Amino acid sequence: MENNKIAVGLDIGTTKIVAMIGRENEYGKLEVLGIGKAKSLGVKGGVVNNITQTIQSIQQAVEEAESVSGQKIENVVVGIAGQHIRSLHHSDYITRENAEEVIDAKDIENLVNQVHKLVMLPGEEIIHVLPQEFKVDSQPGIKEPIGMYGGRLEANFHVVVGQVSSIRNVGRCIKSAGLNLSDITLEPLASASAVLSQEEKEAGVALIDIGGGTTDLAIFKDGIIRHTAVIPFGGNVITEDIKEGCSIIEKQAELLKIKFGSAWPGENKETEIVSIPGLRGREPKEITLKNLSKIIHARVQEIIEHVYLEIRSYGHETQKGKLIAGIVLTGGGAQLKHLRQLVEYITGMDVRIGYPNEHLAGDSDEVLSSPAFATAVGLLMEGLKKEGNEVAAEEAPEVFVEPTIEEEKEAIEEAQEEKELPAKEKSKSIFEKFTKRFTEGFKEFLDNAE
């Protein structure tokens, strides 16, 4: 049976804005129905700095995705990044009223809601509260406490925090573009969903997503997110360095980086030269590929060293924190030639390039398998997961709320008082009373299911 539920992932990046619309096919793979791309003009370092231009770019990407897919886009799942993002670790607990009852999803929800009430620095807001290990009555190392008995439920949390103004600006752009924001997700988490396997997350892995304005890091160990960080450098600073170092315009610098760029200077010989057309009647410029790769190497080395500092601060060098699966590189910057070898050389860890093709349907366009679309694919997956949860909640069995003895007595007393009423009105009055209570109980159940 074909699934008609569609979702849209909207990746608001520094270099490009991507709208990806798709659904899940019968084999549980992603079928991308349409993709729209627009140059991102109003975003710098992952943060919106020009509302009007960002709205125009979003509309352009969405219109392109709509025309390709033939679908109308209303709700979107958006990724958030930027140097204002930070993460912290927090432990919290709740004492349950009845230790004789098993722990259920409601208890975990209560614990998560308690963490959401944490007092943040002025102007900051909690984006994600991600539970790590749980502890039930001092029994540590529990991954799934649902179904266990216990009076005290405790957990360690990975809390992701961002600037309220930056998050609101993203929300405003979405709304002004005529769309509804159905969910907001940290971009490295979305990329991780698209390119990492469960085995890698269990063994321990660091995902490095090199975008245009930022480099995002997400570390997983034992299947749990352990550390996230956003480094305020990306592919754009490499382009900027080439522009300054070779005295050429940005467009030419970007083309040079993509076509001839290499992160390993020893690769090129002194005799390899590329000629760049001069501006309006000026002489063409000749640039040696060795110089070009030296410029790129210096900046990439700086970015990787920043990231490696974060990996070490997480505790990678300890026995407990060892990342057996090494590093996975993704994002547009991961396509740079010889980057994998340089990262292996600097960190001494195993490195591979992460492609989002594992989750895509077999007949998908080859372009979608590019690391540059990892975040968009991940956001689309998040959107479909959210749609699936809502469908499951809608199809959940009806819950009848058993009346208490006091409520039954009240109902009987009311029925006796209403003896004078016509039979039809009597039945209506009692029916309404129980219907109202059932509806309230059912609504509460739906809230819990979500």
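Everything discussed here concerns the structure shown above.
Parameters at a glance
Residues numbered from 1 in each chain as written. Predicted model: local features only at pLDDT ≥ 70, side-chain atom pairs only at ≥ 80, totals over all residues. Heavy atoms only, no water. Helix = DSSP H or I, 4+ residues; strand = E, 2+ residues; numbered from the N terminus. Buried < 20%, exposed > 50% of the residue type's maximum accessible area, 1.4 Å probe, protein only. Contact = heavy atoms within 4.5 Å. Areas by Shrake-Rupley, 256 points an atom, 1.4 Å probe, with all protein chains shown as cover. Expected span 1.5 Å × (residues − 1). Arc of directions from axis to C-beta. Polar contact = N/O pair within 3.5 Å; in protein donor to acceptor, adjacent residues only side chain to side chain. Pairing = 2+ DSSP bridges. Axes fitted to C-alpha atoms, helices over the stretch in contact; angles between N-to-C directions.

A.B. asks: I would appreciate a short explanation of the overall build of the protein in the present structure.
C.D. replies: Scanning the protein for helices and strands turns up 12 helices and 18 strands. Counting all 450 residues of the protein, 47% fall into the buried class. Residue pairs at least 24 apart in sequence account for 66% of intrachain contacts in the protein once pairs closer than 6 positions are excluded. As displayed, the protein offers around 23600 Å² of accessible surface, 49% of which is attributable to carbon and sulfur atoms.

A.B. asks: Help me understand helix α1 (residues 51-69) in this model?
C.D. replies: Because an α-helix packs 3.6 residues into every turn, residues spaced three or four apart end up facing the same way. For α1, which comprises 19 residues, the first-to-last C-alpha distance of 27 Å matches the rise-based estimate of 27 Å (1.5 Å per residue) to within 8%. Taken together, the buried positions of α1 are T54, I55, S57, I58, A61, V62, A65, E66 and S69. When α1 is viewed along its axis, its buried side chains cluster within an angular range of 165° and face the same direction. Of the residues in α1, the exposed ones pointing more than 90 degrees away from the buried face are E63, S67 and V68. On its buried side, α1 packs onto β1 (6-12), β2 (16-24), β3 (30-39), β4 (43-44), β5 (47-48) and α3 (164-176). Residue N50 occupies the N-cap position of α1, its side-chain oxygen lying 3.3 Å from the main-chain nitrogen of T52. A positive backbone phi angle near 75° is found at G70, which sits one or two residues after α1.

A.B. asks: So what exactly am I meant to see when it comes to the sheet that holds β2 here?
C.D. replies: As a general point, the strands of a sheet are linked pairwise by backbone hydrogen bonds and lie either parallel or antiparallel. The sheet built from five strands is open, its strands ordered β3-β2-β1-β6-β11 with mixed pairing. The open sheet has two free edges, formed respectively by β3 and β11 (180-186), since each of these has just one partner strand. Strand-to-strand twist across the sheet, computed as the mean angle between neighbouring axes with direction ignored, equals 25°. Bridge count between strand β6 (residues 75-80) and β11: six bridges; the pairing is parallel.

A.B. asks: How should the sheet that holds strand β12 (residues 205-210) be read in this particular structure?
C.D. replies: Overall, mixed pairing links the five strands, which are arranged β14-β13-β12-β17-β18 in an open sheet. Of all strands in the sheet, those with a lone pairing partner are β14 (224-231) and β18 (351-353), marking the two edges. Averaged over all neighbouring strand pairs, the angle between strand axes comes to 20°, with direction disregarded. Where strand β13 (residues 215-221) lies against β14, seven bridges are found, and the strand directions are antiparallel. Bridge pairing links K221 to I224 in β14.

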